[in-house]
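# Breakdown of the fold
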Amino acid sequence: MRAASVRLRPSTSSAAVLAPSMMVLSRLSSLPARIKSIVRPTGDPDVLLAASLLRRKATLARLLVLTTYLRTILVFAGFAYLLALPLPIIGQEHHVSENALQPSQVNTYWNWADVHIADLFAEDVAKWSVEGVTSDKRADAIQEAFLKLGLPVATQKYSFGLGGTSRLNGTNVYSILQAPKTDGAEALVLSASWMSRAVGDDGEKRINTRGVAIVLALANYLKKYSMWSKDIIFLLSDGYVDGAHAWLDAYHKYGQSNLEADELSLTTGPIWAAINLDYPYHSFSHVGMFYEGVNGHLPNLDLLNTISHILKHSGIPPILHSDVSWSSPSHSIFTNTPFAPYLDTWGWRQYEQAGKNLARQVLLGAEGRAHGPEGVFGRYRIAGVTLFGVPDEGPHGFHALGRAVESSLRSLNNLLERFHHSFDLYLMKTVDSFISIGSYLAAPILVSAGMTIKGLLLWSQSAAGEGGVKKTRKVGAVLQVMMATHVIGAAVFVVIVKCGSEMWMPFTLYSHAGGPNGWKVAFVLRALGLTYETKFLDFAGGENKGEAYTKINPNGRIPALIDHENDDFTVWESGACLLYLVDHYDKEKKFTVTDPKEKAILDQWLFFQASGQGPYFGQAYHFSKSAPEKIPYAITRYENEVDRVLKVLDSVLSKTEWLVGGKVTIADISFVQWNIYAFAILLPEGKVPEKDYPHAWAWHQKLVDLPFIKEVSAEKAAVATH
């Protein structure tokens, strides 16, 4: 019987398990009644109203406290996200969305014969730009040049009223190459303004001599082919922005009150894209891609990506706009300041570079006016870009630019409809990455939301004064604090910049802005993390042969290096400078070797560079590019020497990755600068780097991609623009 009674007794563990479940069921069953009591409470109406008002007041108080925090969080998050935009994790890599473009997928046929024609046109442009040649006479000469090419041509006179009696007058000249395959339903524009964005020593804009010349030469070249499915308009506009502005307004039959312009006698179909060429100097190092978003009219991203891809494939480094120092992280605001050891890192430089590029695009768009010819195309939904040859002593010229423009036009010729696949609203961080509107718009939305909440709070509090008396807000004290902090911040910034500019420089490097030898030493100084000041000598003025410099270097050439931390010890000749630096300052032997046999091999390559590459490549450049008289024998002889030296390197590098020690050393670095020129403009006709010197070419590409090589190369290009 005891056993049976045990089995009938409820289990203690079962009751413990069922208790929570029963409690939940009880609460759920009472939930409708509780909701009803809140929605339709019963009892004394006055008591219920008072309770409701108290609950509402308590709820509003809690919401106000939370709203204050929310406002702060939103504004902080907005600004934090804004500051995070330059980070690599935000944004996208560039890509071409329109499959029809197929950039760099064609063989280009622009050759040295076409370069010669461009040179002849450049001589003509120089004649047209002398003092005394009026705009009308210049237009007549350009018109005659187009007529000799067998192309239909027309002129357009225009006049802008500038207020009062002042007027800006000019004459545009344009020609149309009619596509043999269509009826003129679409068109492309290849243009050049008479004035360049580059500024001369006198502070005035330069004549766009070679930009105008290459448009004429391309007109002569492109008319030979029947591949075109779109008309090509060759526009040589007067002035800088004004000529293109007047021509586009007339083309689209749009007028403005202060513009008087002739109607266009030649027209064709809608313009889909425009490439403007700005090439004021005899050679260039980079191509600056100028684009604008006046009133949000940015060129479609596919146009920029296509041209950027083609430029890189052509061996021309593209940059955003023309400030090379902004387009490569070669330095930062902390460089040469007391904070450099802690804050001047590679990651910070990349962040600052992207931030500057973003800020520049925002500022260009915010001004609401066109800064260059490319800016006036957007208002008519024409994707426009200017290709600006950043002035430098090489290595690129008519040959490289002509091939790039030909390839770009042929890609645009493939378009079946207007640009629409890619983004029309974006911010470019670098030439290879961008932020779409969906990514960057979050920052202003967050800040705006926080500021809106703050405004609503202020509005709600404005009538909250006691006794109906309006509250007074003491904003004067707040403004004083704001002004004081701005003044203090500006003072601190000035002090930092001043201290940075006056910092002790352990080395002084005497160099030349365009010549290659001084930059070899700069490569190694930068690679070793050494701080130095560069003084560029004026060879044209004879500064290198002056008494002051020949006391430093009796040879009167560059480079020369002074080590101020070693009793102002001076060493000259580039190879000797490299050896001195690694012997004294490369404590970890990163760029040199220790084994005696390998040391002999390293010296061997340095001597080969100094006696073989440098002199022969220099003579090849002189006789083919600089000599007043073209001597075929000399040109052929030294081009063959360039070929021979590169074959020597290619043969050795087919068996090893680097010249000595299985790593990058000063032996490899010493060849970089002259090889940049060689692969670009010094090879014998018909030679292709990737095909004829594959191992040397691959080695060279790895070298120029090294961070310290990129930094110094960017500085070299930046120096050439000033």
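See the structure above.
Residues numbered from 1 in each chain as written. Predicted model: local features only at pLDDT ≥ 70, side-chain atom pairs only at ≥ 80, totals over all residues. Heavy atoms only, no water.

### Considering the overall build of the chain
Secondary structure assignment for the chain yields 25 helices and 18 strands. Burial status across the chain gives 46% buried among its 722 residues. Considering only contacts within the chain whose residues lie at least 6 apart along the sequence, 77% involve residues at least 24 apart. (Helix = DSSP H or I, 4+ residues; strand = E, 2+ residues; numbered from the N terminus. Buried < 20%, exposed > 50% of the residue type's maximum accessible area, 1.4 Å probe, protein only. Contact = heavy atoms within 4.5 Å.)

### Overview of the pairing of strand β14 (residues 433-436)
The alternating pattern of β14 places S433 and I435 on one face and F434 and S436 on the opposite face, and all of these are buried. Note: strand β1 (residues 92-93) against β14, 2 bridges, orientation antiparallel. Paired with E93 across the strands is S433, a residue of β14. Two elements, strand β13 (residues 426-430) and β14, share 4 bridges in a ladder whose sense is antiparallel. Bridge pairing in β14 places T430 opposite S433. (Pairing = 2+ DSSP bridges.)

### Quick word on a nonpolar patch on the surface
Where nonpolar side chains cluster on the molecular surface, the patch consists of M22, L25, L28, L31 and I35 and spans about 490 Å² of accessible area. Secondary-structure assignment places I35 in helix α2 (residues 12-39). With relative accessibility at 46%, the residue I35 sits in the partly exposed group. (Patch = residues over 30% accessible without salt bridge, like charges linked within 9 Å, V, L, I, M, F, W, Y side chains within 5 Å. Areas by Shrake-Rupley, 256 points an atom, 1.4 Å probe, with all protein chains shown as cover. Salt bridge = Lys/Arg side-chain N within 4 Å of Asp/Glu carboxyl O.)

### Quick word on the sheet that holds strand β9 (residues 271-278)
The pairing of strands in a sheet comes from backbone hydrogen bonds and takes either a parallel or an antiparallel form. The sheet built from 9 strands is open, its strands ordered β8-β2-β3-β7-β4-β9-β12-β10-β11 with mixed pairing. Edge positions in the sheet fall to β8 (259-261) and β11 (318-320), since each has one partner strand and no second. Between one strand and the next, the sheet's axes are offset by a mean angle of 25°, whatever the strand orientation. Where β9 lies against strand β12 (residues 383-391), 6 bridges are found, and the strand directions are parallel. Following the sheet pairing, A273 is matched in β12 by A383. (Axes fitted to C-alpha atoms, helices over the stretch in contact; angles between N-to-C directions.)

### A word on the packing of aromatic side chains
Applying the stated criterion across every chain yields a total of 27 aromatic pairs. Each ring, one from W110 and one from Y221, has its centre 5.5 Å from the other, and the planes form 85°; the classification is edge-to-face. Separated by 111 residues along the polypeptide, W110 in the loop between β1 and α4 (112-128) and Y221 in helix α6 (residues 209-222) bring together distant segments of the chain. An angle of 85° between the planes, with centres 5.0 Å apart, marks the rings of F679 and W697 as edge-to-face. Separated by 18 residues along the polypeptide, F679 in helix α22 (residues 672-682) and W697 in helix α24 (residues 694-704) bring together distant segments of the chain. Judged by relative accessible area, F679 falls into the buried class, the value being 10%. The exposure class assigned to W697 is partly exposed, which follows from its relative accessible area of 21%. Taken together, Y109, W110, Y221 and Y225 form an aromatic cluster joined through their ring pairs. (Phe/Tyr/Trp six-rings, centres within 6.5 Å; stacked < 30°, edge-to-face > 60°.)

### A word on the pattern of salt bridges
This model, assessed by the stated rule, comprises 20 salt bridges. R138 is the salt-bridge partner of D238, the closest N and O atoms lying 2.9 Å from each other. Residue D238 is found in the loop between β7 (231-237) and α7 (242-251), and its partner R138 is found in helix α5 (residues 135-148); the two are separated by 100 residues along the sequence. A relative accessible area of 7% places D238 in the buried class. A salt bridge links D643 to K687; the nearest nitrogen and oxygen atoms lie 3.8 Å apart. Of this pair, D643 sits in helix α20 (residues 632-653) while K687 sits in the loop between α22 and α23 (689-692); the two residues are 44 residues apart in sequence, bridging distant segments of the chain. Linked by salt bridges that have partners in common, R526, E711 and E715 make up one network.

### Details of α22
For α22, the buried fraction is high: 9 of the 11 residues fall into the buried class. V672, Q673, W674, N675, Y677, A678, F679, I681 and L682 are the residues of α22 that are buried.

### Observations concerning empty space enclosed by the protein
Following the criterion strictly, the structure yields 2 cavities of 30 Å³ or more and no others. The calculated volume of the largest cavity comes to roughly 70 Å³. Listing elements by their share of the lining of the largest cavity, those giving two or more residues are α5, β3 (167-177), β4 (187-193) and β7. With 4 residues, the top contributor of residues to the lining of the largest cavity is α5. Among the residues making up the lining of the largest cavity, the classes are represented as 7 nonpolar, 4 polar and 2 charged. (1 Å grid on protein atoms, 1.4 Å probe; cavity = no way out; pocket = protein on both sides within 12 Å on 5 of 7 lines; lining within 4 Å. Points joined across faces, edges and corners; volume = space filled by probe spheres on them. Nonpolar A, V, L, I, M, F, W, Y, C, P; charged D, E, K, R; others polar.)

### Notes on the sheet that holds β13
If you walk across this open sheet you meet the 3 strands as β1-β14-β13, and the pairing is antiparallel. On the outer flanks of this sheet lie β1 and β13, each paired with one strand and no other. The strands touched by helix α11 (residues 346-366) are β13 and β14; relative to β13, the strand with the most contacts, the crossing angle is about 145°.

### Details of the pairing of strand β10 (residues 284-290)
The element β10 is largely enclosed, with a buried count of 7 among its 7 residues. Here 3 bridges tie β10 to β11, and the two strands are oriented parallel to one another. In the strand pairing of β11, M289 is matched with L320. On the question of chirality, the crossover connecting β10 to the parallel β11 by way of helix α8 (residues 301-313) is right-handed. (Right-handed = clockwise from strand over helix to strand, strands pointing away.)

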